[in-house]
Amino acid sequence: MVLAEAAPRSQAGFGAWFRKNLFATPIDAALTVLALLALAWAVPQILNWAFFSAQWTGADRSACLTVAQGGSHPDGWSGACWAFVSAKFGQFMFGRYPIEERWRVILTGILFVALLAPLLIPRAPYKGLNAILFFGLFPFVAFFLLVGGFFGLPYVETSLWGGLLVTLVLSYVGIVVSLPLGIILALGRRSHMPAVKLLSVIFIETVRGVPLVTVLFMASFMLPLFAPPGVTFDKLLRALIGVALFASAYMAEVVRGGLQAIPKGQYEGADSLGLGYWQKMGLIIMPQALKLVIPGIVNTFIGMFKDTTLVLIISMFDLLGIVKQNLADANWATPQTAKTGLVFAGFVFWIFCFSMSRYSMYMERRLDTGLRR
């Protein structure tokens, strides 16, 4: 037997990857050179604006102004005004939530991370108990902590909520509600019962046929009209209902695509075992369908997370809304303030969306949803 030898240097290592992926053809080489030139032009300017020339401390707008504008920076200076973000950071995170009660928001966030992290780790033990605590118990604990009025905690109106708090609350409720409701709607649309199928189709097509702005307006202004006299709904609750219903309609179509991708033999095999409808769906069909559409599910979650910014039109201030609101503060009105605030908001959204995307890719590899080669 001849012993295995190392691969030729031309076929393995960084140099081989470099030639294969960046300089395989003349067109690839040209595009690579153009991309490198663009990066060489843009990256130094971005780093200079965001870090090297940035203003990190300051008590008011004068910290981010040039001499001609009444500040201390030389004329022509351009840099991020991180002093503005530092001064307004509390509002960006909590809105107008009372400062002395913000520990409740922080405690809720700690509980959220502590319960979510084990669910995301495949080998973590007690998954069932963890899921019950996260999806069943945590919403009630979070409600009591954030709203208050119980156990000696002062009541905090939801109109005082804002910033990242509102963004995460809307996203959490939308994700937790839209997935199971979307599964039910997808099964209803594929049902052989005419009434169930008709109702599911009408709901899905109606909601998907209008923009989220319309749904939020309906939830905020029309929903109270259908309530009995004397019954009112909190504005945040209306937004939660609107976002959850809107996301569930899109989720239903994603799940339906996964159900249609399952071979007919899987259904026949389940029937041959004598399984009932719900056993067949819960044990055989749905797990395979959900694995196939992980990218679509996460894409819907990411889209919903970003769409939470639209609650601004019903006078609720999420992260982007509270940033834009603070841009009108005369104490921080500078040419660099708006850029810095919007870059900060965009970076926070990118962190969450990128994290969801990377985790979905990890789950795809782990569950091997693609074809083996």
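All of these numbers come straight from a predicted model, not from anything done at the bench.

1. Describing the overall build of the protein chain
Next, step 1: Across its full length, the protein chain holds 14 helices and zero strands.
Next, step 2: The order of helices and strands in the protein chain, counted from the N terminus, is α-α-α-α-α-α-α-α-α-α-α-α-α-α.
Next, step 3: Overall, the C-alpha framework of the protein chain stretches about 85 × 80 × 40 Å when taken along its three principal axes.
Next, step 4: Among the 373 residues that make up the protein chain, the fraction classed as buried is 36%.
Next, step 5: Carbon and sulfur atoms make up 70% of the accessible area of the protein chain, which totals about 21800 Å².

2. Re the environment of P44
Next, step 1: Looking at the element boundaries, P44 is found in helix α2 (residues 26–52).
Next, step 2: For the pair P44 and L312, spaced 268 residues apart in sequence, the C-alpha separation works out to 35 Å.

3. A look at the nonpolar core
Next, step 1: Formed by 73 residues in total, the largest nonpolar core has its most connected members in F92, Y97, W161, L259, L319 and F344.
Next, step 2: Looking at which element gives the most residues to this core, the answer is helix α9 (residues 235–261), with eleven residues.
Next, step 3: If sequence neighbours within four positions are ignored, F344 has contacts with W82, V85, F89, F92, M93 and L319.
Next, step 4: L115, F134, A142 and Y172 belong to the second largest nonpolar core, which has five residues in total.

4. Structural notes on the packing of aromatic side chains
Next, step 1: All chains considered together, the criterion is met by 25 aromatic pairs.
Next, step 2: Aromatic pair F138 and Y172: ring centres 5.7 Å apart, planes at 85°, arrangement edge-to-face. Taken as a pair, F138 in helix α5 (residues 127–147) and Y172 in helix α6 (residues 164–189) lie far apart in primary sequence, 34 residues in all.
Next, step 3: Using a relative accessible area of 14% as the deciding quantity, one classes Y172 as buried.
Next, step 4: Aromatic ring contacts, followed pair by pair, group F84, F89, F92, W332 and F344 into a single cluster.

5. Observations concerning the pattern of salt bridges
Next, step 1: Under the definition given, this model contains eight salt bridges.
Next, step 2: As a salt-bridge pair, E253 and R189 come within 3.0 Å of each other at their nearest N and O atoms. Of this pair, E253 sits in helix α9 while R189 sits in helix α6, and the two are 64 residues apart along the sequence.
Next, step 3: R189 sits in the buried class, given a relative accessible area of 16%.

6. A word on the packing of α9 against helix α11 (residues 277–292)
Next, step 1: Across the interface, α9 lies against α11 with an axial gap of 8 Å and an inter-helix angle of 115°. α9 and α11 meet at a crossing whose hand is right-handed. Here V255, G258, L259 and A261 of α9 lie close against α11, whose contacting residues are I285, M286, A289, L290 and L292.
Next, step 2: Residue composition of the contact of α9 with α11, grouped by class: eight nonpolar, one polar and no charged.

7. Observations regarding helix α3 (residues 82–94)
Next, step 1: An ideal rise of 1.5 Å per residue puts 18 Å on 13 residues; α3 measures up with 18 Å between its terminal C-alpha atoms.
Next, step 2: If you look at α3, its biggest bend is around 60°, right at K88.
Next, step 3: What α3 keeps buried is the set W82, A83, F84, V85, K88, F92, M93 and F94.
Next, step 4: On the buried face of α3, the contacting elements are α2, α4 (102–120), α6, α13 (319–326) and α14 (337–367).
Next, step 5: G95 sits one or two residues past α3 and shows a positive phi near 70°.

8. Observations concerning α5
Next, step 1: Spanning 21 residues, α5 covers 29 Å between terminal C-alpha atoms, matching the ideal 30 Å at 1.5 Å per step.
Next, step 2: L137 marks where α5 bends most, by close to 45°; the proline P139 follows one to four residues later.
Next, step 3: The complete set of buried residues in α5 reads N130, F134, F138, A142, L145, L146 and V147.
Next, step 4: Buried positions along α5 lie against α4 and α6.

9. Remarks on the side chain of S200
Next, step 1: Here S200 lies in helix α7 (residues 194–208).
Next, step 2: Judged by relative accessible area, which is 8%, S200 ranks as buried.
Next, step 3: If near-sequence neighbours (up to four positions away) are discounted, S200 is found in contact with L185, G188 and R189.

10. Notes on a nonpolar patch on the surface
Next, step 1: Among the surface-exposed residues, F14, W17, F18, F23, I27, L31, V33, L34 and L37 lie close enough to one another that they form a single nonpolar patch of about 940 Å² accessible area.
Next, step 2: Mapped by element, the contributors of at least two residues to the nonpolar patch are α1 (14–22) and α2.
Next, step 3: Per element, the largest residue contribution to the nonpolar patch is five residues, and it comes from α2.
Next, step 4: Counting through the fold element by element, F18 comes out in helix α1.

Calculation notes
- For every chain, the first residue of the written sequence is number 1, and numbering continues from 1 onward in sequence order.
- For this predicted model, a pLDDT threshold of at least 70 governs which residues receive local features, and a threshold of 80 or more governs which side-chain atom pairs are given and counted, while totals over whole chains, interfaces and linings are taken from all residues.
- Hydrogens and water are ignored here; the side-chain numbers use all heavy atoms of the structure.
- Under the DSSP-based scheme used, a helix requires at least four consecutive residues in state H or I and a strand at least two consecutive residues in state E, with every element numbered from the N terminus.
- Relative accessibility thresholds used throughout: buried, under 20% of the residue-type maximum; exposed, over 50%; partly exposed, between the two (1.4 Å probe, protein chains only).
- Surface accessibility in these figures is a Shrake-Rupley result with a 1.4 Å probe; residues are shielded only by whichever protein chains are displayed.
- We call a set of buried residues a nonpolar core when its members are Ala, Val, Leu, Ile, Met, Phe, Trp, Tyr or Cys and they connect through side-chain atoms within 4.5 Å of each other.
- The contact definition used throughout considers only heavy atoms, calling two residues in contact when any of these lie within 4.5 Å.
- In this scheme Phe, Tyr and Trp rings, the latter by its six-membered ring, pair at centre separations within 6.5 Å, and the angle between planes marks the pair as stacked below 30 degrees, edge-to-face above 60, and tilted otherwise.
- By convention in these notes, a salt bridge is any Lys or Arg side-chain nitrogen within 4 Å of a carboxyl oxygen on Asp or Glu.
- Comment: axis = line fitted to C-alpha atoms, over the contacting stretch for helices; angle = value between 0 and 180 degrees taken between N-to-C directions.
- It is the rotation of the near helix from the far one that decides the hand of a crossing: anticlockwise by less than a right angle makes it left-handed, clockwise makes it right-handed.
- Each residue gets one label: Ala, Val, Leu, Ile, Met, Phe, Trp, Tyr, Cys and Pro are nonpolar, Asp, Glu, Lys and Arg are charged, and the others, such as Gly, are polar.
- By definition here, a helix of n residues has an expected span of 1.5 Å times n minus one.
- Fitting axes to the seven residues ending at a residue and to the seven starting there, one defines the bend at that residue as the angle between these axes.
- A patch consists of residues whose relative accessible area exceeds 30% and which take part in no salt bridge; residues with like charges are grouped when within 9 Å of each other, and nonpolar side chains (Val, Leu, Ile, Met, Phe, Trp, Tyr) when within 5 Å.

Everything listed here is a matter of geometry and, on its own, says nothing about what the molecule does.
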